[in-house]
Amino acid sequence: MKGCKTMTSVFKEKEEAMQEEVCRNMINGRTALGIELGSTRIKAVLVDEHQKPVASGSHDWENRLVEGVWTYTLEDIWEGVQDSFAKLKEDVKARYGVTLTTVGSIGISAMMHGYMAFNRAGEILVPFRTWRNTMTEEASEKLTELFQYHIPQRWSIAHLYQAILKKEPHVPEIDYLITLEGYVHWKLTGQKVLGIGDCAGMFPIDTGKKDFHERMIAQFDELTAGEQLPWKLRDILPKVLTAGEEAGVLTEEGAKLLDPSGALKPGIPLCPPEGDAGTGMVATNSVAKRTGNVSAGTSVFAMVVLEHELKNVHEELDLVTTPAGDLVAMVHCNNCTSDLNAWVNLFEEFSLAMGMKVDRNQLFSTLYNLALEGDPDCGGLLAYNYFSGEHITHFEEGRPAFVRLPDSRFNLANFMRVHLYTSLGALRVGMDILFKEEGVKLDSLLGHGGLFKTKGVGQRIMAAAAGVPVTVMETAGEGGAWGAAILASYMRYRRDGGSAALDQYLTDCVFADEEGVVMEPQEEDERGFKAFMERYINGLPIERAAVDCLGGTAGN
């Protein structure tokens, strides 16, 4: 009809208008850049003023085992950071025809903990010791006893004290001790600062003062006084900053380090660098008290924001903080879906043997949904998914196991249900410490990761395991680089006069239009999971016997 636009032309005009807005934002610096250095990938994400991702770039990398230490070299770090940023620039050019020369703000994130020690000249003294290294058992146990506060082996202070106990010659030369994202931030800005979330992965935090715990610092200095070290602990730690504070600007040297092409201009403000747990909480809108998020894939961990300090020390729990400085309990389990995936692979192999080529996604969906038809208590079946050790239940090694009684209701639905249940068994043990022993209250969990890929299934099982509503949102998969970009935007918002706390900012400015799918726990599922857990706890000696009796490797 004359004078009327087709629906296609209307959509095209809207798309072109959005493209033009994004271009103007880039030219005028109304964007935020987030970079996260994960264990296997470095990712850079650029967001617009509405916190929507508009461009990205990534670089794959792997840690290496050097003389018994899991590490990345400094060359690895900068090659990856530069490559991910270069690919983001290429993405910007391809999408919008613009050469990226500035952004509104920058946030850096990385895997937490670990040990990077530098001398006064800024030279690294020993290879970077990542969170993956378990070489600090003696230090961890002694510091936990001294502080009456759980110090995991991967924490920076455990690495430092272990080096002192071993009389490593580099210790007296230490001028600065920092984590990975703090190191990158330091080189970009010249500022020796770190976000409070990963500061809590270096040394215990006083959440009232939003700083390192002074009593424990004094205890550490007293403990090491006989070593005659030329520094006190406070001297070599970074300054603690919370979300929203300014953390320096990109220097000329930093701009050239990030973008060797020279196109990126200096002077861009940076927010406090944060660990991947903190940016993950931001990316899932899980920073308010009585909320939490659970990431379930090869491993599983839950982060619960606490209302108060825990009454007791629990070696099964890690205590960190949100980027705003609120106390968080972390329940981390090594095993989640690996054994479940192995069984799905077996069914796929059977299908191929029968001459049936089955779509893998359909296979997962069919088997997962079939589990919901099983008995709430899995018909008396029992399984352990321990591919590796599980500290929550005190296993140094693991053996995947499936056990049943002669009269158990053994069918495919119950078989799949028990393997979904056991993927969260160790997590439930840790959550019970929080809920039953510590009286922690939790209103909701946000779920993300592979377990939740089949719509409604993992979410329903998680709700039964945790006993709280579980929400799944599409943006939960955007990851920590997006969370780092949001923190960079939040810093700029506070600098420009905004007063909202981080949790309110996320709710109002980032997730306001996000409609997550909420699933309440079903009473029948909760009763069934409770019955399964009684069987799970009582059957742990079976798993112990498997570890003791099945040594070595298959076939030997």
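The structure displayed is predicted, hence computed values, not measured ones.

Participant: Sorry, what's going on with the state of the cysteines here?
Facilitator: By definition, a disulfide links the sulfur atoms of two cysteine residues through a covalent bond. Under the defined criterion, the tally for this structure stands at zero disulfides. Not part of a disulfide, C336 finds its nearest cysteine sulfur in C333, a span of 8.3 Å.

Participant: What exactly am I supposed to notice about helix α4 (residues 156-165) here?
Facilitator: Counted residue by residue, α4 has nine buried out of 10 residues, so it is predominantly covered. Those residues of α4 that sit buried are S156, I157, A158, H159, L160, Y161, Q162, A163 and I164. Looking at the packing, one finds that the buried side of α4 touches α3 (137-147), β8 (176-178), α7 (214-223) and α8 (233-236). Of the residues one or two after α4, K167 is the one with positive phi, at around 60 degrees.

Participant: Is there a simple way to think about the pairing of strand β17 (residues 327-333) in this case?
Facilitator: As a general feature of sheets, a regular strand has side chains that alternate between the two faces. Counting buried positions over the seven residues of β17 gives six, a clear majority of the element. Summarising the sheet, strand β15 (residues 300-305) and β17 pair through six bridges and their orientation is antiparallel. Within β17, the residue paired with V305 across the bridge is V328. Pairing analysis gives five bridges linking strand β16 (residues 317-321) to β17, with the strands arranged antiparallel. The residue bridging L317 from the neighbouring strand is V331, located in β17. Between β16 and β17, which pair antiparallel and follow one another directly, the connecting turn spans five residues, one of which, G325, has a positive phi of 100 degrees.

Participant: Mind showing me how you'd approach the nonpolar core here?
Facilitator: Generally speaking, nonpolar side chains in soluble globular proteins are found buried as a group. Counting residues in hydrophobic clusters, the biggest one holds 170 residues, and the most contacted among them are L33, L37, L160, L180, L427 and Y536. The greatest single-element share of this core, amounting to eight residues, is contributed by helix α16 (residues 480-495).

Rules used in this analysis
Residues numbered from 1 in each chain as written. Predicted model: local features only at pLDDT ≥ 70, side-chain atom pairs only at ≥ 80, totals over all residues. Heavy atoms only, no water. Disulfide = S-S within 2.5 Å. Buried < 20%, exposed > 50% of the residue type's maximum accessible area, 1.4 Å probe, protein only. Helix = DSSP H or I, 4+ residues; strand = E, 2+ residues; numbered from the N terminus. Contact = heavy atoms within 4.5 Å. Pairing = 2+ DSSP bridges. Core = buried A, V, L, I, M, F, W, Y, C linked by side-chain atoms within 4.5 Å.

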